[in-house]
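Structural features, examined
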Amino acid sequence: MTSPSRLTIRCARRGDSAALARLHIASWRAAYRGLLPQRYLDELSHTAWERTWSNRLASSEIHVIVAEEADIIGFVSFGASRDRDAAPRTGEIYSIYLQPGQWRKGIGTQLHAEAVELLTGSEFVEATLWVLSTNISAREFYHRRGWSHDGCTKTNSRGGTEIIQVRYRKRLADAHEKKPLASGST
Ligand SMILES: CC(C)(COP(=O)(O)OP(=O)(O)OC[C@H]1O[C@@H](n2cnc3c(N)ncnc32)[C@H](O)[C@@H]1OP(=O)(O)O)[C@@H](O)C(=O)NCCC(=O)NCCS
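It should be emphasised that the depicted structure is a prediction, and the values quoted were computed from it without experimental measurement.

Another aspect to go through is the overall build of the protein chain. Along the backbone of the protein chain there are 5 helices and 7 strands. When the helices and strands of the protein chain are read in sequence order from the N terminus, they spell out β-α-α-α-β-β-β-α-β-α-β-β. Here the C-alpha radius of gyration of the protein chain, 16 Å, is about what a compact globule of 186 residues would show, namely 16 Å. C-alpha atoms of the protein chain, sized along the principal axes, occupy 50 × 40 × 30 Å. Of the contacts made within the protein chain by residues no fewer than 6 positions apart, 65% connect residues no fewer than 24 positions apart. Taking the average place of the 26 positive charges on the side chains of the protein chain and the average place of its 20 negative ones, the gap between the two points comes to 2 Å.

Shown next as structure tokens:
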């Protein structure tokens, strides 16, 4: 899982929660500036996000792959679909975020490919993900990697502002070989 460069792609470990929280908040602040209320972004709490990451990394249901140079600079998390209307064997990419300054260098493509490969090699025959409707660059990223909007949307509130998320779907290669998701991944 290591590329020829100094970039390492590996499964997340329990001790990564602080680094993941830091990265996740920095990426949110950069990606969602102008899309979510500024005050909401300014007030994102590292303590709360680190706790959330600790719980995620302790879960056997959530799989997290990180891209690391000297520090962790990106991650993708995935597992079974959380949607109530999901057909059996539907996976989901829960989130994919890179450190600002690391975008558009091909790292997201590598993380996405790892997640798709691991989902495909498990019991999943298709996968979905949710993306903010106004996150045009992410939507383009997914579109160019074979995902398409399946017509489903949902509305939530963030910092008192209503946001719309759209669901993308991708058919995975038929997985005849069933193997467990990345052993040791959390
Ligand atoms: C969305 C995200 C994960 C994509 O990862 P990324 O590493 O930036 O994307 P990549 O570099 O792999 O690919 C993006 C495009 O940049 C191109 N690219 C790659 N290296 C490049 C470079 N050096 N210069 C210019 N373009 C480049 C790729 O070819 C690709 O274009 P394509 O779609 O035509 O193939 C990342 O930009 C990110 O974290 N964004 C903010 C958070 C976010 O929106 N996450 C999604 C939430 S749903």
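Next comes the rest of the write-up.
To continue, consider the site of the ligand. In the vicinity of the ligand lie 20 residues, with Arg104, Gly106, Gly108, Thr109 and Arg144 positioned nearest. Between an oxygen atom of the ligand and a main-chain N or O atom of Leu98, the distance comes to 2.8 Å. Within the backbone of Lys105, one N or O atom sits 3.1 Å away from an oxygen atom of the ligand. Alone, the ligand offers 940 Å² of accessible surface; in the complex the protein occludes 73% of this. Elements supplying a minimum of two residues to the shell around the ligand: helix H1 (17-31), strand S4 (90-98), helix H4 (107-120) and helix H5 (136-143).

On to the packing of aromatic side chains. Applying the stated criterion across every chain yields a total of 9 aromatic pairs. Pairing Trp28 with Trp49 gives two aromatic rings, centres 5.1 Å apart and planes at 85 degrees, and the pair type is edge-to-face. Of this pair, Trp28 sits in helix H1 while Trp49 sits in helix H3 (residues 46-58), placing them 21 residues apart in sequence. Across this residue pair, the class does not change: Trp28 and Trp49 are buried. On the basis of an interplanar angle of 80 degrees and a centroid distance of 4.9 Å, the ring pair of Trp53 and Phe75 is categorised as edge-to-face. With Trp53 in helix H3 and Phe75 in strand S3 (residues 72-80), this residue pair connects regions lying 22 residues apart in the sequence. Looking at Trp53, the relative accessible area reads 0%, which means it is buried. Assessed through its relative accessible area of 0%, Phe75 is described here as buried.

What follows is about the environment of Leu36. Within the fold, Leu36 resides in the loop between H1 and helix H2 (38-42). For Leu36, a relative accessible area of 6% puts it in the buried group. Excluding its chain neighbours within four sequence positions, the residues that come into contact with Leu36 are Trp28, Leu41, Leu132, Arg158 and Ile163.

Looking at the element boundaries, Tyr32 is found in the loop between H1 and H2. Ignoring sequence-local partners within four residues, the contact set of Tyr32 consists of Ser27, Leu41, Tyr97, Leu132 and Asn135.

Here is what the cut-offs are and how they apply
- Residues numbered from 1 in each chain as written.
- Predicted model: local features only at pLDDT ≥ 70, side-chain atom pairs only at ≥ 80, totals over all residues.
- Heavy atoms only, no water.
- Helix = DSSP H or I, 4+ residues; strand = E, 2+ residues; numbered from the N terminus.
- Rg over C-alpha atoms; globule rule 2.2 N^0.38 Å.
- Contact = heavy atoms within 4.5 Å.
- Lys, Arg positive; Asp, Glu negative; His and termini not counted.
- Charge placed at Lys NZ, Arg CZ, Asp CG, Glu CD.
- Near = heavy atom within 4 Å.
- Polar contact = N/O pair within 3.5 Å; in protein donor to acceptor, adjacent residues only side chain to side chain.
- Areas by Shrake-Rupley, 256 points an atom, 1.4 Å probe, with all protein chains shown as cover.
- Phe/Tyr/Trp six-rings, centres within 6.5 Å; stacked < 30°, edge-to-face > 60°.
- Buried < 20%, exposed > 50% of the residue type's maximum accessible area, 1.4 Å probe, protein only.

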